[in-house]
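The chain contents come next:
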Amino acid sequence: MTTTQRLLAATEDIWAEYHTHPFVRGIADGTLDEEKFRYYMVQDYLYLIDYAKVFAIGVAKARDPETMRLFAGYVHQILDGEMDIHKGYMQRLGIPLEEAERAPVALDNLSYTSYMLRVAYDEGPAEIAAAILSCALSYEYIAKEIVARDPAAADHPFYGEWVRGYADPGYAASNQVLVELTERLTKDYSQAQLEHLTEIFIACSRYEGAFWDMAWEMRN
C-alpha cells in the first residue's frame with residue numbers, strides 16, 4: 001500500500017459523506033441557492049490565500065531544489081489558476097475583489113487554515129504535502145463523482161464551470177504530481193511517521209467536511 005492509498009483508506013468514510021452533503025448535491029443538480037454559493041466563493045477565496053501560504057512555507061522547508069520548484073509551482077497555480085475560477089464567479093455574482101479580500105474569515109475557515117499553517121511551520125515537507133493533499137484530491141474526487149452520476153452537470157449554465165474546473169484532466173494531472181511528491185518524501189518513513197501523517201490527513205479531511213457545513217449554513 002502506498003502512502004497515499006493509506007491516507008485515503010483511513011478517510012474513506014469521511015470522504016463518502018462529501019457526496020451526500022446538501023451543498024455538494026446542490027451543485028450537482030443545479031439547485032443550490034446562489035446566496036449560499038456566493039458565501040462559499042468568498043470564504044474559499046480567503047481560504048486559498050492561506051492555502052498558497054502553506055505551499056510557500058513548503059518552499060522554505062524543502063530539502064532539495066526539485067521539491068522547492070514543485071511547491072513554488074503550486075503557489076503560482078493557486079494564485080494565477082485556481083483563483084481565476086473564483087474571480088470569474090465573483091464577477092458574475094457582483095462581488096468586487098476588494099470586498100472579498102476584506103470579508104471576515106468564518107471561524108471554521110480560520111480553524112482549518114490555522115491548522116494547516118501550524119503543520120507547515122512546525123513540520124517537514126512530507127507533512128506539509130499531507131495537509132495540502134486532502135483539499136486538492138477531495139475536490140477532484142467530488143467533481144468526478146458528480147460527472148459520473150450526471151454528465152449534464154458539467155454543462156449547467158452556472159455551476160458547470162465549477163464542476164468542469166475540478167473534473168478537468170489538467171487538474172487531475174496537477175494532483176498526481178502532488179501525490180508523487182508525497183510518495184517520494186515518505187519512501188523511507190517509519191510506521192510511527194506514517195501514523196502521524198495519517199493523523200494530519202484525517203484532520204484536514206474532517207476540516208473539509210466542516211467547510212461544506214459552514215458553506216451550507218452560511219455560518220460565521
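Enquirer: I'm lost on the overall build of the chain in this one. Help?
Expert: Assigned secondary structure in the chain consists of 11 helices and zero strands. Secondary structure elements of the chain, listed N to C terminal, follow the sequence α-α-α-α-α-α-α-α-α-α-α. For 220 residues, the compact-globule estimate of 2.2 N^0.38 gives 17 Å, and the C-alpha radius of gyration of the chain, at 17 Å, lies within 12% of that figure. When the backbone C-alpha atoms are referred to their principal axes, the chain occupies close to 45 × 35 × 30 Å. Evaluated residue by residue, the chain yields a buried proportion of 50% over its 220 residues.

Enquirer: What am I meant to see in the nonpolar core here?
Expert: Side chains of nonpolar character tend, in soluble globular proteins, to be buried together. Counting 75 residues, the largest nonpolar core has Phe37, Tyr40, Tyr51 and Trp162 as its most contacted members. A per-element tally of this core places helix H4 (residues 34–61) first, with 14 residues. In contact with tyrosine 40, other than residues within four places in its own chain, are Phe23, Tyr139, Trp162, Phe211, Trp212 and Ala215.

Enquirer: What should I look at first to understand unusual backbone geometry in this one?
Expert: Trans peptide bonds make up the majority, and among non-glycine residues the majority have a negative phi. With phi around 55 degrees, methionine 218 is a residue other than glycine that occupies positive phi space. Within the secondary structure layout, methionine 218 lies in the segment after helix H11 (191–217).

Enquirer: Would you explain the state of the cysteines in this entry?
Expert: Two cysteines joined by a covalent bond between their sulfur atoms form a disulfide. Per the counting criterion, the structure on display carries zero disulfides. Cysteine 135 takes part in no disulfide bond, and the closest cysteine sulfur, belonging to cysteine 204, lies 9.0 Å away. Cysteine 204 gets classed as buried once you look at its relative accessible area, which sits at 0%.

Enquirer: Quick question: what am I supposed to make of the packing of helix H2 (residues 12–20) against helix H3 (residues 22–29) here?
Expert: Any two packed helices are characterised by the angle at which their axes cross and by the distance between the axes. For the pair H2 and H3, interaxial distance at closest approach is 5 Å and the crossing angle is 50 degrees. The angle between H2 and H3 places the two elements in the oblique class. For the pair formed by H2 and H3, the contact residues are Tyr18, His19 and Thr20 on the first element and Pro22, Val24 and Arg25 on the second. Looking at side-chain class alone, the contact of H2 with H3 contains three nonpolar, two polar and one charged residues.

Enquirer: Any chance you could explain the packing of helix H7 (residues 107–122) against helix H8 (residues 125–149) here in plain terms?
Expert: Taken N-terminus to C-terminus, the directions of H7 and H8 make an angle of 155 degrees; their axes are 8 Å apart at the nearest point. As the angle between them shows, H7 and H8 are arranged roughly antiparallel. Judged by the twist between their axes, the crossing of H7 over H8 is left-handed. For the pair H7 and H8, the contacting residues are Tyr112, Met116, Val119 and Ala120 in the first and Glu127, Ile128, Ala131 and Cys135 in the second.

Enquirer: Quick question: what am I supposed to make of the side chain of asparagine 109 here?
Expert: Relative to the elements of secondary structure, asparagine 109 occurs in helix H7. Setting aside residues no more than four positions away along its own chain, asparagine 109 makes contact with Gln43, Leu46, Tyr47, Phe211 and Met214.

Enquirer: Just to check I follow, could you spell out the pattern of salt bridges for this structure?
Expert: Any two side chains of opposite charge can pair if their charged atoms end up close together. By the definition in use, this model includes 10 salt bridges. Note that arginine 184 and aspartate 64 form a salt bridge whose closest N and O atoms lie 3.6 Å from each other. Of this pair, arginine 184 sits in helix H10 (residues 169–185) while aspartate 64 is found in the loop between H4 and helix H5 (65–92), placing the two residues 120 residues apart along the sequence. Two residues, arginine 92 and glutamate 161, come together in a salt bridge whose shortest N-O distance is 2.2 Å. Residue arginine 92 is located in helix H5, and its partner glutamate 161 is located in helix H9 (residues 160–167); the two are separated by 69 residues in the primary sequence. One connected set of salt bridges, linked through shared partners, spans Asp108, Glu217 and Arg219.

Enquirer: How should helix H1 (residues 3–10) be read in this particular structure?
Expert: Three or more residues of H1 are buried, namely Thr3, Thr4 and Leu7. Down the axis of H1, the smallest arc covering the buried residues is 100 degrees, so these residues share one side.

The rules we used
Residues numbered from 1 in each chain as written. Predicted model: local features only at pLDDT ≥ 70, side-chain atom pairs only at ≥ 80, totals over all residues. Heavy atoms only, no water. Helix = DSSP H or I, 4+ residues; strand = E, 2+ residues; numbered from the N terminus. Rg over C-alpha atoms; globule rule 2.2 N^0.38 Å. Buried < 20%, exposed > 50% of the residue type's maximum accessible area, 1.4 Å probe, protein only. Core = buried A, V, L, I, M, F, W, Y, C linked by side-chain atoms within 4.5 Å. Contact = heavy atoms within 4.5 Å. Disulfide = S-S within 2.5 Å. Axes fitted to C-alpha atoms, helices over the stretch in contact; angles between N-to-C directions. Parallel < 35°, antiparallel > 145°, perpendicular 65-115°, else oblique. Nonpolar A, V, L, I, M, F, W, Y, C, P; charged D, E, K, R; others polar. Left-handed = near helix turned anticlockwise from the far one by under 90°. Salt bridge = Lys/Arg side-chain N within 4 Å of Asp/Glu carboxyl O. Arc of directions from axis to C-beta.

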